[in-house]
There are 2 protein chains.
Amino acid sequence: MAEPIDFYFDFSSPYGYLMSEKIDAVAARHGRQVRWHPVLLGVIFQAIGSRPPADTVSARGRYFFMDFARSARFFEVPFQQPSRFPLPTQNAARAFYWLHGEDCALARRFAHAVFRAFFVADRDISAPDTVLEIAAEIGVDRSSLAAALQTPELKARLKAANDQALAIGVFGSPHVIIDGEAFFGADRLPQIERWLATGGF
Amino acid sequence: MAEPIDFYFDFSSPYGYLMSEKIDAVAARHGRQVRWHPVLLGVIFQAIGSRPPADTVSARGRYFFMDFARSARFFEVPFQQPSRFPLPTQNAARAFYWLHGEDCALARRFAHAVFRAFFVADRDISAPDTVLEIAAEIGVDRSSLAAALQTPELKARLKAANDQALAIGVFGSPHVIIDGEAFFGADRLPQIERWLATGGF
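In short, a report on the structure. These numbers were taken from a predicted model, which means no experiment stands behind them. (Residues numbered from 1 in each chain as written. Chains lettered and ligands numbered in written order. Predicted model: local features only at pLDDT ≥ 70, side-chain atom pairs only at ≥ 80, totals over all residues. Heavy atoms only, no water.)

**Some words on the sheet that holds strand E1 (residues 5-9) of chain A**
All names here are of chain A. The four strands lie next to each other as E2-E1-E3-E4, forming an open sheet whose pairing is mixed. Edge positions in the sheet fall to strand E2 (34-38) and strand E4 (181-184), since each has one partner strand and no second. On average, adjacent strands in this sheet sit at an angle of 20° to one another, irrespective of strand direction. (Pairing = 2+ DSSP bridges. Helix = DSSP H or I, 4+ residues; strand = E, 2+ residues; numbered from the N terminus. Axes fitted to C-alpha atoms, helices over the stretch in contact; angles between N-to-C directions.)

The following block contains the structure:
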């Protein structure tokens, strides 16, 4: 079995959401697993002096809001621009890493549920209560997760994931790494497909 | 006949070059013509407070240099990273607009020749002499072009093209507009194809 693919994303990233709906199936067609790594793009942008692509005042910023929705239609993924956007995602990311330590298939289901709660149902995924609700909806014990979210160990776990992402050059979301080769953006899916099919080009 | 497609680009833009090798054939398959508009990305970036994607010091910047070459292989377009990059392109852009006033098919051939001189043959397309040589190689009268490049009318023509691009929201290269719909980046070619095939999605 070939090495797993690494998928870095922020739960508040529209292109990260589009990739999340596609990457597992693409990988599976080529006999690969995917390791999911939620990170905090705000922390990464601050570290590297970058900024999010979309804003509501410039022509460039407005283009990206339009492109989020059009790219979702292109990929045939349900999408509704969240009314609060972007949102802090540390609670969702910490919950993911805690679940991942318990049951990695459940963590994957939780990640899909968080993305869809934000980008389809317009829920406020920054709120701890919403994160707990989403987890409970897929069968997670709410009080165990609530307790875990308060622990310094879990905060350190997310910080370590962010530091590791920065160390290997992750600068945006989605950022996919296949056998050391980086692919940034949902629009690199066709290149990812060809790379997996051919072993590099 | 449907309205022409508008294609905005800078001669120093790798993704603009990739689009230049594809857009006419894609448009023709759907019964469309393409109007080419060279602009100065440096002027546009200054106006909107943006910056070029690639640099040699950051992980993000190095990614884009890698991605230029990989995207060229993906699109099966010859590409060699120019040793001097990026370069000012006002002489090449002015020459294009002068030729366009004389013979628009010749202007198109010139644009391809400039892109390939830079991104395949590593020629210094910022130099007036190189621009004149490239033009002469495709049959343009060198002394007529040399005289035209000195005129304030031609400088004003490029400035007007840049101002018009900024006014309609062009913020990068390549930027393609189809019936009022904007597509930024060579990686939007699949969306352009579907848009032309379906009349919108």
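**Let's talk about the side chain of Asn162 of chain B**
Residues and elements named next belong to chain B. Topologically, Asn162 is positioned in helix H9 (residues 152-167). A residue is classified by how much of its surface remains accessible, and Asn162, at 4% relative accessible area, is buried. The residues contacting Asn162, other than those within four sequence positions of it, are Val39, Leu40, Val43 and Ile44. (Buried < 20%, exposed > 50% of the residue type's maximum accessible area, 1.4 Å probe, protein only. Contact = heavy atoms within 4.5 Å.)

**Considerations on the nonpolar core**
Ranked by size, the top nonpolar core spans 63 residues in total, and within it Phe11, Phe110, Val176 and Ile192 of chain A carry the most contacts. When residues in this core are grouped by element, the largest group, 10 residues, is from helix H6 (residues 104-119) of chain A. With residues near it in sequence (within four places) discarded, Phe110 of chain A still touches Ala92, Ala95, Phe96, Leu99, Val131, Ile134, Ala135 and Ile138 of chain A. The next biggest cluster of nonpolar side chains, apart from the first, holds 62 residues, and it includes Phe110, Ile125, Val131 and Phe183 of chain B. (Core = buried A, V, L, I, M, F, W, Y, C linked by side-chain atoms within 4.5 Å.)

**Considering the relation of the copies chain B and chain A**
Once chain B has been moved 0.0 Å along the axis and rotated by 180°, it coincides with chain A to within an RMSD of 0.0 Å. One copy is carried onto the other by what is essentially a two-fold rotation axis. Among all residues of chain B, the one whose C-alpha sits closest to the rotation axis is Asp187 of chain B, at a distance of 3.1 Å. When the interface residues of chain B are mapped onto chain A, 100% of them again fall at the interface, so both copies present the same face. (Least-squares fit on C-alpha atoms with pLDDT ≥ 70 in both.)

**So, the packing of aromatic side chains**
All names here are of chain A. Counted according to the given criterion, the structure contains 54 aromatic pairs over all chains. Measuring from ring centre to ring centre gives 5.8 Å for Phe79 and Phe119, while their planes differ by 20°; the resulting arrangement is stacked. In this pair, Phe79 sits in the loop between helix H4 (59-75) and helix H5 (90-102) while Phe119 sits in helix H6, placing the two residues 40 residues apart along the sequence. What makes Phe79 buried here is its relative accessible area of 19%. (Phe/Tyr/Trp six-rings, centres within 6.5 Å; stacked < 30°, edge-to-face > 60°.)

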